[in-house]
Amino acid sequence: MSEDLRIPAYNLSHQQRYQELIPQVQALVGGEKDLVANLANIAAALHETFRFLWVGFYLVQQDTLVLGPFQGPVACTRIAKGKGVCGTAWLERRNIIVPDVEQFPGHIACSSRSRSEIVLPAFRDGEVFLVMDVDSEELNHFSEEDERGLMEIIHIIEML
Ligand code: SME
């Protein structure tokens, strides 16, 4: 069986592209129990659909976030709790949209090409167990539309 993604047309709104993508993500991960395999395919599906600069996951290991599956330029491997956008989203247990990374105190610049960013934590048994990080080369790239679409993907991950 072909695993090809039907990539939503690039001229559709973000909301429409999430609508087309999310059932496919559900199908892609539905039959697989391995978290890393599923996160790898989700990163690839988001990267192909939106051509984000960087999309991937940091997994909680004790008091640190450790780099997990991603698509894009090489990235920092470890982020302490409370550090950068990712560590802050973990500490404060909330989604963070950063319209301009230069305006976020303590932002960790893994790629100098990243201009804006969104980070969403995923929860298991009430604790953050990973964060999804998405970076764009454009300023102010992420809207509430993205937050809603990515939240649906976070919910799929939380159900795995
Ligand atoms: N910018 C992030 C670090 C991760 S990389 O962008 C992939 C942060 O400040 O947490």
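Data block above holds the structure.
Quick caveat, the model's predicted, so the values are computed rather than measured.

Draft legend 1. Quick peek at helix H3 (residues 84-92). For H3, a buried count of seven out of nine residues is recorded, marking the element as mostly surrounded by other parts of the structure. The set of residues buried in H3 consists of Gly-84, Val-85, Cys-86, Gly-87, Thr-88, Ala-89 and Trp-90. In the core, the buried residues of H3 are packed alongside strand S1 (54-61), strand S2 (64-71), strand S3 (78-80), strand S4 (96-98), strand S5 (116-124) and strand S6 (127-136). At the exit of H3 stands Arg-93, carrying a positive phi of roughly 55°.

Draft legend 2. Quick look at the packing of aromatic side chains. Counted according to the given criterion, the structure contains five aromatic pairs. Look at Phe-50 and Phe-52: their rings are 5.0 Å apart centre to centre, the planes differ by 15°, and that puts the pair in the stacked class. Each of the two residues, Phe-50 as well as Phe-52, counts as buried. Both rings, one in Phe-52 and one in Phe-142, keep their centres 5.7 Å apart while their planes meet at 45°; by these two values the pair is tilted. With Phe-52 in the loop between helix H2 (35-50) and S1 and Phe-142 in the loop between S6 and helix H4 (144-158), this residue pair connects regions lying 90 residues apart in the sequence. Taken together, the aromatic side chains of Tyr-18, Phe-50, Phe-52 and Phe-142 make up a single cluster linked through ring pairs. Above the face of the Tyr-10 ring, Arg-51 is positioned so that its terminal group lies 3.8 Å from the ring centre. One Lys or Arg, Arg-124, reaches over the ring of Phe-129 and ends 4.1 Å from the middle of that ring.

Rules behind the numbers
- Residues numbered from 1 in each chain as written.
- Predicted model: local features only at pLDDT ≥ 70, side-chain atom pairs only at ≥ 80, totals over all residues.
- Heavy atoms only, no water.
- Buried < 20%, exposed > 50% of the residue type's maximum accessible area, 1.4 Å probe, protein only.
- Helix = DSSP H or I, 4+ residues; strand = E, 2+ residues; numbered from the N terminus.
- Contact = heavy atoms within 4.5 Å.
- Phe/Tyr/Trp six-rings, centres within 6.5 Å; stacked < 30°, edge-to-face > 60°.
- Lys NZ or Arg CZ within 6 Å of the ring centre and 35° of its normal.

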